[in-house]
Amino acid sequence: MSTLAMSPQSQGLRLGPARVYAGLILLLALSMLMSLTLGYKIYSLDQVWMALFAHDGSETAVVIAGLRLPRALIAPLAGAALGMAGVMVQTLSRNRIASPDTLGLNAGASLAVVVASIMLGVQSLAGLSLAAAFGAFVTAIVVFGVAASAGGLSPLKIVLVGVTFASLSHAFVEVLLTSNEAQLQQLLFWLSGAFVDRPIALFYNGLPVVIVGGIIGIGLSRALDALQADDSTAAGLGVPLAAVRGLAFVAVALLTGAAVSMAGPVAFVGLVVPHAARRLVGLRHIHQLPAAALFGAVYATLADVAARFVIYPVEAPVGAITAVVGAIVLLVLLMRRAA
């Protein structure tokens, strides 16, 4: 494992984690400021300041504090959650093209939310958040269980099972929505992935879930480093494989579920972000997970800003923006594998 940690690739850009974190925090602050100022109408910094700290009830203050502030907080939180979840999913599956999307976790969380809303009558934000986390966790267990029962875990089998399960989940979601037209419009835009028109209560509900998931992931950093090799090597280093995988599944479920409950299934963030994090800080999870959280926050926030202008004056779902970028990255990764 020491060889892996000291390899040139593991050293990232050799800027040092502290400098990387500082740069990403600065970018995050700038991207959040862009989220508050840019949109259908552009506001000045003075107007933003007055709306946040001297709310006078004006239309400008209502738009900034009531509409833009929630999405400026929810977008980076969801991006951070998906970034960390993506890192752990790629490590658990030992597959660099795996993500919460390709393993069906986003789809499973979405299906759980739709079932809870339509069939069980759950309407509270806390209830839907719990349903999303439960759906992601069950999906993780099913995908890895089915892949393992089909002759042993392999990166290709895990992705194939995940994609199949995602397709089934999407099919069930469509059936449920088309048979419940009253809730179709309410859930349809949410299912495409978006940060617009989200109540700030979603941020407050999601924040502790993301913190717990992130703490679990960081606590597993050394074990996850060992899992990047193979099971026999990890076991030889004293890693309790079943316990580590179980806790990692819980962390991934909490992070993915929180993101889906706040914004719906924002596609491919969990695929793109881990690759950027590894290039920035290397392979050690103690550095990689915080970098993925920060880069994911920046990425999701900037994607949200871009979504306001790509088909201006109509706003596009942010999931469409991240899906286009993610699809390009996925094609590049597949071409590199084939080369």
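Every value quoted in this text rests on a predicted model; they were computed, and no experiment measured them. (Residues numbered from 1 in each chain as written. Predicted model: local features only at pLDDT ≥ 70, side-chain atom pairs only at ≥ 80, totals over all residues. Heavy atoms only, no water.)

(A) Main features of the overall build of the protein chain. Tallying secondary structure elements over the protein chain gives 15 helices and zero strands in all. Taken over C-alpha atoms, the radius of gyration comes to 20 Å for the protein chain, in line with the 20 Å a tight globule of 339 residues would show. Its C-alpha atoms give the protein chain principal-axis dimensions of about 65 × 50 × 35 Å. Burial analysis of the protein chain (339 residues in total) assigns 52% to the buried set. A sequence separation of at least 24 residues applies to 77% of the contacts in the protein chain between residues at least 6 apart. When the accessible area of the protein chain is evaluated, it comes to approximately 15000 Å², of which 72% is carbon and sulfur surface. With 17 positive and 12 negative side-chain charges, the protein chain shows a separation of 15 Å between the mean positions of the two kinds. (Helix = DSSP H or I, 4+ residues; strand = E, 2+ residues; numbered from the N terminus. Rg over C-alpha atoms; globule rule 2.2 N^0.38 Å. Buried < 20%, exposed > 50% of the residue type's maximum accessible area, 1.4 Å probe, protein only. Contact = heavy atoms within 4.5 Å. Areas by Shrake-Rupley, 256 points an atom, 1.4 Å probe, with all protein chains shown as cover. Lys, Arg positive; Asp, Glu negative; His and termini not counted. Charge placed at Lys NZ, Arg CZ, Asp CG, Glu CD.)

(B) Local environment of the pattern of salt bridges. What the rule picks out here adds up to five salt bridges. Between Arg-71 and Glu-315 there is a salt bridge whose closest N-O contact spans 2.3 Å. In this pair, Arg-71 is assigned in helix H4 (residues 59-93) and Glu-315 in the loop between helix H14 (285-307) and helix H15 (318-338), connecting sequence segments 244 residues apart. The closest approach of N and O atoms between Asp-231 and Arg-94, which form a salt bridge, is 2.6 Å. Taken together, the residues span a long stretch of sequence, with Asp-231 in helix H11 (residues 231-236) and Arg-94 in the loop between H4 and helix H5 (105-118) at a distance of 137 residues. (Salt bridge = Lys/Arg side-chain N within 4 Å of Asp/Glu carboxyl O.)

(C) View of the packing of helix H2 (residues 17-37) against H4. Packing of H2 against H4 brings their axes to within 9 Å, and their N-to-C directions diverge by 150°. Between H2 and H4, the angle is such that the two are roughly antiparallel. When the axes of H2 and H4 are compared, the crossing they make is right-handed. In this structure, H2 uses Leu-28, Met-32, Ser-35, Leu-36 and Thr-37 to contact H4, whose residues at the interface are Ile-64, Arg-68, Leu-69, Arg-71, Ala-72, Leu-73 and Pro-76. Classifying every residue of the contact of H2 with H4 by side-chain character gives eight nonpolar, two polar and two charged. (Axes fitted to C-alpha atoms, helices over the stretch in contact; angles between N-to-C directions. Parallel < 35°, antiparallel > 145°, perpendicular 65-115°, else oblique. Left-handed = near helix turned anticlockwise from the far one by under 90°. Nonpolar A, V, L, I, M, F, W, Y, C, P; charged D, E, K, R; others polar.)

(D) The packing of aromatic side chains, seen in detail. Enumeration over the complete set of coordinates arrives at five aromatic pairs. Each ring, one from Phe-144 and one from Phe-249, has its centre 4.8 Å from the other, and the planes form 50°; the classification is tilted. Placement of Phe-144 in helix H6 (residues 125-149) and of Phe-249 in helix H12 (residues 241-263) is noted, with a sequence separation of 105 residues between them. With a relative accessible area of 9%, Phe-249 lands in the buried category. One aromatic cluster is present, built from ring pairs that chain together Tyr-40, Phe-309 and Tyr-312. (Phe/Tyr/Trp six-rings, centres within 6.5 Å; stacked < 30°, edge-to-face > 60°.)

(E) Expanded view of the side chain of Ser-261. Here Ser-261 shows up in helix H12. A relative accessible area of 11% means that Ser-261 is categorised as buried. Of the polar contacts made by the side chain of Ser-261, one reaches the backbone oxygen of Ala-258; its length is 2.8 Å. (Polar contact = N/O pair within 3.5 Å; in protein donor to acceptor, adjacent residues only side chain to side chain.)

(F) Broad picture of H4. Between the first and last C-alpha of H4 there are 49 Å, a value that for 35 residues agrees with the 51 Å anticipated at 1.5 Å per step. The largest bend along H4 reaches roughly 40° and is located at Arg-68, with the proline Pro-70 sitting one to four residues downstream. Of all 35 residues in H4, 29 are buried; the element is thus mostly enclosed. (Expected span 1.5 Å × (residues − 1). Bend = angle between axes of the 7 residues up to and from the residue.)

(G) Structural detail: the nonpolar core. One finds Leu-103 and Phe-195 to be the most contacted residues of the largest nonpolar core, which totals 70 residues. Here this core gets 14 residues from one element, more than from any other, and that element is H4. Beyond its immediate chain neighbours, meaning those up to four positions away, Leu-103 contacts Val-89, Ala-98, Thr-139, Val-143, Phe-144, Ile-158, Val-159 and Gly-162. Listed in part, the nine residues of the second largest apolar core include Leu-128, Ala-131, Ala-136 and Ala-253. (Core = buried A, V, L, I, M, F, W, Y, C linked by side-chain atoms within 4.5 Å.)

(H) Inspection of H14 at higher detail. Helix length check: H14 (23 residues) gives 31 Å between terminal C-alpha atoms against 33 Å at 1.5 Å per residue, within 8%. Taken across its 23 residues, H14 has 17 buried, putting it largely inside the fold.

(I) Here's a closer look at the environment of Ala-51. Counting through the fold element by element, Ala-51 comes out in helix H3 (residues 45-53). Separated by 68 residues in the primary sequence, Ala-51 and Met-119 have C-alpha atoms spaced 40 Å apart.

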